[in-house]
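Descriptive analysis of the structure
Residue strings, one per chain:
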Amino acid sequence: MTLAVSGLTFPCHRLTVGRRSSPVQTREQSEEQCTDVHMVSDSDGDDFEDATEFGVDDGEMFGVASSALRKSPMMPENAENEGDALLQFTAEFSSRYGDCHPVYFIGSLEAAFQEAFYGKARDRKLLAIYLHHDESVLTNVFCSQMLCAESVVSYLSQNFITWAWDMTKEANRARFLTMCTRHFGSVVAQTIRTQKTDQFPLFLIIMGKRSSNEVLNVIQGNTTVDELMMRLMAAMEIFSAQQQEDIKDEDEREARENVKREQDEAYRISLEADRAKREAQEREMAEQFRLEQIRKEQEEEREAIRLSLEQSLPPEPKEESTESVSKLRIRTPSGEFFERRFLASSKLQVVFDFVASKGYPWEEYKLLGTFPRRDVTQLDPNKSLLEVKLYPQETLFLEAKE
């Protein structure tokens, strides 16, 4: 490039020569010297010595360090993994501009959306997307003086999720435009596509909404710290108003859900109580049925025993019998009486069987004599009525055993 094409005024141009410093140093911190440089026409070119003969390269002549000309790319071309690409971007950004810079979200753009927009309403944030371009003349100033300003870094950290992408390589640029179309629509993608290189870097402010993601602001690289802060704060005002509505809606929804949960829990407890009551009733009915079955079986068994005893009894002797006959009168617990004649030679067991055949088994009832009062069931059942003195007649009482 000739001096004339580079924009230097012919024949005389005023240049400022300063001591080389890091990009984050301000202009006031540099020591400046001024001199007049006189340009000569092409015909006078023989009188101008080439700067390289004096050991000064082109980079040093224009205040650009030779290492900056050989800087590593911010992001690998055709990066397959967005998280790995963002790790390299963060490392290279720190290497160029220092450690005081926004905390870039490491992960895909979708993951950044999830982090910023889809948590609790109180925890949501705006999403800031920084689009870098190494070939823009504004990039170094924007990064060193805007993004690395403590006020900007602090404000972004508190209120934003910051995600970055390098648009320098065409493949990466195309990939971002595809992501942009998918998430923001073709209008936003076309807006970014039409941005010229010297309008970069770009700073996109995104607010998540219920149905879509809205781009609140597109900030170009030719801005100042104060203007950048003003636009960030303006976006926060819009976001805060929306966030308060979202918090109110979320609180109301949670209150409704809590009421529904309480109602569902009360209904569940009611159903559980009804089920427990029904099961208790079923168990009680089953127990009653079981006991009834046992009672019936016992009654059937007792009836069978009674009938068996009744059938096994010897025939009742007649009054005119020539043998000795004992006449027994037995009073039941209910006050009823029944009588029967027995041979005096019959065993006492026959009397017990007779009483049992009437429904009063001797295992459950005592047979008591009156004079003298005695418990006949305690006597030897194999002795005869004559031997136990139940002859010629006797009145006995039945009493339930305790």
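On a predicted model such as this, the values are computed, not experimentally measured, just so you know.

**Some words on the overall build of the protein**
Scanning the protein from N- to C-terminus turns up ten helices and eleven strands. The buried share among the 402 residues of the protein stands at 34%. Here the analysis covers contacts within the protein between residues at least 6 apart in sequence; of these, 64% occur between residues at least 24 apart. Accessible surface, the protein as shown: approximately 25500 Å² in total, 50% of it carbon and sulfur.

**Let's talk about the environment of Ala164**
Tracing the chain through its elements places Ala164 in strand S4 (residues 160-166). With 62 residues separating them in the primary sequence, Ala164 and Pro102 have C-alpha atoms 9.9 Å apart.

**A look at empty space enclosed by the protein**
By the definition in use, this model includes one cavity of 30 Å³ or more. Of the pockets and cavities examined, the largest cavity occupies roughly 40 Å³. Those elements that provide at least two residues to the lining of the largest cavity are helix H10 (348-357) and strand S9 (365-369).

**Points about the side chain of Ser346**
On the secondary structure map, Ser346 appears in the loop between strand S8 (337-343) and H10. In this view, Ser346 contacts Lys383, Ser384 and Leu385; residues no more than four positions away in its chain are not counted.

**Re the confidence of the model for the protein**
Across the protein, the average pLDDT comes to 83, with 82% of residues at or above 70. Across the protein, the secondary-structure element scoring lowest on mean pLDDT is strand S2 (residues 32-38), at 39, and the one scoring highest is strand S3 (residues 126-132), at 95. Segment residues 20-69: pLDDT under 50, and 43 contacts once partners within four positions in sequence are set aside and those in other chains are kept.

**What to know about the nonpolar core**
Leu127 and Trp163 are the most contacted members of the largest nonpolar core, which totals 58 residues. Within the second largest apolar cluster, 20 residues are counted, among which are Phe338, Phe342, Val350 and Leu367.

**Details of the sheet that holds strand S11 (residues 393-400)**
The strand order across the open sheet formed by five strands is S8-S7-S11-S9-S10, and the pairing between neighbours is mixed. Of all the strands in the sheet, the pair left with one neighbour each is S8 and strand S10 (374-375). In this structure, strand S7 (residues 325-331) lies alongside S8, joined through seven bridges in antiparallel fashion. The partner of Leu328 across the bridge, within S8, is Arg340. Lying over the sheet, H10 contacts S7, S8, S9 and S11, oriented at roughly 150° with respect to S8.

**A look at the packing of aromatic side chains**
By convention here, two paired aromatic rings are described through the distance between centres and the angle between planes. One pass over the full model with this rule turns up 19 aromatic pairs. Their ring planes at 70° and their centres at 5.5 Å tell us that Phe338 and Phe354 sit as a pair that is edge-to-face. Taken together, the residues span a long stretch of sequence, with Phe338 in strand S8 and Phe354 in helix H10 at a distance of 16 residues. Both residues of the pair, Phe338 and Phe354, belong to the buried class. The structure contains a cluster of three or more aromatic residues connected by ring pairs, namely Phe89, Phe93, Tyr97, Tyr104, Tyr130, Phe142 and Phe203. Above the plane of the ring of Phe337 lies Arg329, whose end atom (NZ or CZ) is 3.9 Å from the centre. The side chain of Arg340 reaches across the aromatic face of Phe342, ending 4.9 Å from its centre.

**Structural notes on the state of the cysteines**
All told, the structure shown has zero disulfides when counted by the stated rule. Distance from the sulfur of Cys143, which forms no disulfide, to the nearest cysteine sulfur (Cys148) is 6.8 Å.

**Thoughts on the pattern of salt bridges**
All chains considered together, the criterion is met by 26 salt bridges. Note that Arg306 and Glu303 form a salt bridge whose closest N and O atoms lie 2.7 Å from each other. One end of the pair is Arg306 and the other is Glu303, both in helix H9 (residues 225-312) and three residues apart, which spans about a single turn. Its relative accessible area of 34% is what places Glu303 among the partly exposed residues. Through salt bridges with shared partners, one network takes in Arg124, Asp246, Glu250 and Arg253.

**A short note on the pairing of strand S5 (residues 202-208)**
Note on strand geometry: in a regular strand, side chains alternate between the two faces of the sheet. The buried fraction of S5 amounts to seven of the seven residues, a majority that puts the element mostly inside the structure. Across five bridges, S3 lies against S5 in antiparallel orientation. In the strand pairing of S5, Tyr130 is matched with Phe203. Examined bridge by bridge, S5 and strand S6 (residues 213-220) share seven bridges and lie antiparallel to one another. Directly across from Met207, in S6, lies its bridge partner Glu214.

**With respect to the sheet that holds S5**
The sheet built from four strands is open, its strands ordered S4-S3-S5-S6 with mixed pairing. Looking at strand neighbours, the two that pair on one side only are S4 and S6, the edges of this open sheet. Geometrically, the sheet is characterised by an average inter-axis angle of 20° between neighbouring strands, direction not taken into account. Contacting S3, S4, S5 and S6, helix H7 (residues 170-184) runs over the sheet at an angle of about 140° to S4.

What counts, and where the lines are drawn
- Residues numbered from 1 in each chain as written.
- Predicted model: local features only at pLDDT ≥ 70, side-chain atom pairs only at ≥ 80, totals over all residues.
- Heavy atoms only, no water.
- Helix = DSSP H or I, 4+ residues; strand = E, 2+ residues; numbered from the N terminus.
- Buried < 20%, exposed > 50% of the residue type's maximum accessible area, 1.4 Å probe, protein only.
- Contact = heavy atoms within 4.5 Å.
- Areas by Shrake-Rupley, 256 points an atom, 1.4 Å probe, with all protein chains shown as cover.
- 1 Å grid on protein atoms, 1.4 Å probe; cavity = no way out; pocket = protein on both sides within 12 Å on 5 of 7 lines; lining within 4 Å.
- Points joined across faces, edges and corners; volume = space filled by probe spheres on them.
- pLDDT = per-residue confidence, 0-100.
- Core = buried A, V, L, I, M, F, W, Y, C linked by side-chain atoms within 4.5 Å.
- Pairing = 2+ DSSP bridges.
- Axes fitted to C-alpha atoms, helices over the stretch in contact; angles between N-to-C directions.
- Phe/Tyr/Trp six-rings, centres within 6.5 Å; stacked < 30°, edge-to-face > 60°.
- Lys NZ or Arg CZ within 6 Å of the ring centre and 35° of its normal.
- Disulfide = S-S within 2.5 Å.
- Salt bridge = Lys/Arg side-chain N within 4 Å of Asp/Glu carboxyl O.

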